[in-house]
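Listed below are the residues making up each chain.
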Amino acid sequence: MADAVHLIWSGDANLFAIVRLSLVVTLSATVLAALVGMPLGAFAALVQFRGREALVVILNAFMGLPPVVVGLVVFLLLSRSGPFGELGLLFTPAAMVIAQAVLITPIVAALTRQVVEDLWSEYREEFQAMQVGPLARVSALLWDARFSLVTIMLAGFGRAAAEVGAVIIVGGNIDGFTRVMTTTIALETSKGNLALAVGLGLILMSLVMTVNALAWSVRRWSEKHAA
Amino acid sequence: MRDSTSDLPIRLEAVSVRAGTVDILQNVSLEIGRGAPTLLLGPNGSGKSTLLKLGMRLIAPSTGRISFGERSAASTRRSAIVFQKPVMLRRSAAANIVFALSAAGRPADAAAVAHLLAQVGLSGLADRPARQLSGGEQQRLALARALARAPEVLFLDEPTASLDPAATKAVEDIIVRIAGEGVKVVMATHDLGQARRLAGDIVFLVGGRVLERGASPQFFASPSTDGARRFLAGDLVF
């Protein structure tokens, strides 16, 4: 433990390069998942169409997607013989972003749908009485659900940050290129280099705690200021 | 000659509303024109709220016909409604007004917002989150939102049902003022005292049927139906 703390305290370049890459990959995946998942969730909440129930069931089921299966599917899609092989993304940070985004997009979409649908059932009659148009309706719902949506994004970020199975398959855990915190912890533990593994574990735990504290703060702030 | 831009008179001809196998309104024929407030009086479940929603075009009759002056059903409504438990948007009181003004296609400038808040006595609470206002304040804010539509007809669904006397008085004062400015108020209540204070005429409903219709003084002085007499005597009518 002392070695791990020393490693963090000394600002070990290798360790912080891994942390930096982890943050870049996870933040990118979270933004990508939000860009796809939030409109998809809002669409499923507000638009009646054939197959809507099936979409909701699929989104809910995919919240528990096994990371290794996601990794395998993305691997097959990005491998040389796959449909997107020519892009040359396999074993790059971009592939890791895609895998994490695929993993958390259903979480973001399903939770967004629930939040927007609940709010819509509350607002529906007032909006009908005010003759609020479709665009104004969607933007008002998303705005009024903003704090819940931020919490959803933080939940997605936390899920992606803690992920190891998918990114190790599509990233390859290449030193200095695709090695992130979780994959490094797995590797260094197996090699017996516990100082680095524990140091990264501490940082990862701190990150998860910070994300949860942020989510809690957002909730408290919204209760106080926007009710 | 009729005003082709007016929602009035609202005319119901043999209107029924059915939900599944339950008749909520049965064969209601009624005309609501300009003038003093019309109060829909009756016990819970008598169809008052459904009648208001019909007038607001939030629901359609199962059978019968309803017309609004000379206007087509597709035209923009000149009516507004305040529900018994209005839903406040998760934003400030002023932002709720801005939203209502924008939805009504009216300029949502600071002066318009301030004017509406002043009309309902909430000028000092413009920046307060709407959901943190008291029940009475929320009802007044809901009234301001409704007034943002510059309505010709204002439907009110028991707006003081859960308010204390002081808050009720504040809301009633606003209603009286609005009615005095020429807005047709159509309001549901089961509060006899309130009906006496506010009504120009009364529509008395029981079990989805209009039992009696008449000017307020006559209704209270000499009701013509046994149901109304019993209701006024404090009997449980349903």
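Since this is a predicted model, take the numbers as computed values, not measurements.

**Side note on the overall build of chain B**
Then, in step 1: A tally of helices and strands in chain B yields eight helices and nine strands.
Then, in step 2: Relative to the 2.2 N^0.38 estimate, which gives 18 Å for 238 residues, the radius of gyration of chain B is 18 Å and therefore close to what a compact globule would have.
Then, in step 3: By its C-alpha atoms, chain B is 50 × 40 × 40 Å across when sized along the principal axes.
Then, in step 4: Across the 238 residues that make up chain B, the buried fraction comes to 47%.
Then, in step 5: In chain B, 68% of the contacts between residues at least 6 apart in sequence involve partners at least 24 apart.

**Comments concerning the confidence of the model for chain B**
Then, in step 1: Scored by pLDDT, chain B comes out at a mean of 91, with 95% of its residues at no less than 70.
Then, in step 2: Interface confidence for the predicted complex, expressed as ipTM, amounts to 0.87; the pTM equals 0.81.

**Some words on helix 10 (residues 194–225) of chain A**
Residue and element names in this part refer to chain A.
Then, in step 1: Look at helix 10: 45 Å from first C-alpha to last across 32 residues, which is about the 46 Å you get at 1.5 Å a residue.
Then, in step 2: Three or more residues of helix 10 are buried, namely L196, A197, V198, G199, L200 and I203.
Then, in step 3: Looking at the buried positions of helix 10, the neighbouring elements they touch are helix 1 (2–9), helix 2 (13–46) and helix 9 (181–191).

**Section: the pairing of strand 2 (residues 22–32) of chain B**
Regular strands have side chains that alternate between both faces of the sheet.
Residues and elements named next belong to chain B.
Then, in step 1: Bridge analysis of strand 1 (residues 10–19) against strand 2 gives seven bridges, and the strand direction is antiparallel. Pairing of R18 across the sheet is with D23, part of strand 2.
Then, in step 2: Between strand 1 and the antiparallel strand that follows it, strand 2, lie two residues; G20 among them carries a positive phi value of about 65 degrees.

**Describing the nonpolar core**
Then, in step 1: Counting residues in each nonpolar core, the largest one holds 137 residues, and the members touching the most others are V74, A99, V108 and V170 of chain A together with I97 and A144 of chain B.
Then, in step 2: At 21 residues, helix 5 (residues 93–130) of chain A tops the list of elements feeding residues into this core.
Then, in step 3: Each residue touching V170 of chain A, except ones within four places of it in the same chain, is listed here: G71, V74, F75, L78, L90, A95, M96 and A99 of chain A.

**Let's talk about the interface of chain B and chain A**
Then, in step 1: Across the contact, 17 residues belong to chain B and 15 residues belong to chain A.
Then, in step 2: Every element with two or more residues in the side of chain B that touches chain A is listed here: strand 5 (79–82) and helix 2 (93–103) of chain B.
Then, in step 3: If you tally residues by element for the side of chain B that touches chain A, the top one is helix 2 of chain B, at three residues.
Then, in step 4: Here the residues of the side of chain B that touches chain A sort into 12 nonpolar, one polar and four charged.

**Topic: the packing of helix 5 of chain A against helix 6 (residues 134–144) of chain A**
Residue and element names in this part refer to chain A.
Then, in step 1: Between helix 5 and helix 6, whose axes approach to 10 Å, the crossing angle comes to 130 degrees. The angle between the axes of helix 5 and helix 6 places the two elements in the oblique class. Of the two elements, helix 5 crosses helix 6, and the hand of that crossing is right-handed. Together, V116, L119, W120, Y123 and F127 of helix 5 and R137, L141 and D144 of helix 6 make up the contact between the two elements.
Then, in step 2: Considering only residue class, the contact of helix 5 with helix 6 consists of six nonpolar, no polar and two charged.

Rules of the game
Residues numbered from 1 in each chain as written. Chains lettered and ligands numbered in written order. Predicted model: local features only at pLDDT ≥ 70, side-chain atom pairs only at ≥ 80, totals over all residues. Helix = DSSP H or I, 4+ residues; strand = E, 2+ residues; numbered from the N terminus. Rg over C-alpha atoms; globule rule 2.2 N^0.38 Å. Buried ≥ 20, exposed ≤ 12 C-beta atoms within 10 Å, placed from the backbone. Contact = placed C-beta atoms within 7 Å. pLDDT = per-residue confidence, 0-100. Expected span 1.5 Å × (residues − 1). Pairing = 2+ DSSP bridges. Core = buried A, V, L, I, M, F, W, Y, C linked by C-beta atoms within 7 Å. Nonpolar A, V, L, I, M, F, W, Y, C, P; charged D, E, K, R; others polar. Axes fitted to C-alpha atoms, helices over the stretch in contact; angles between N-to-C directions. Parallel < 35°, antiparallel > 145°, perpendicular 65-115°, else oblique. Left-handed = near helix turned anticlockwise from the far one by under 90°.

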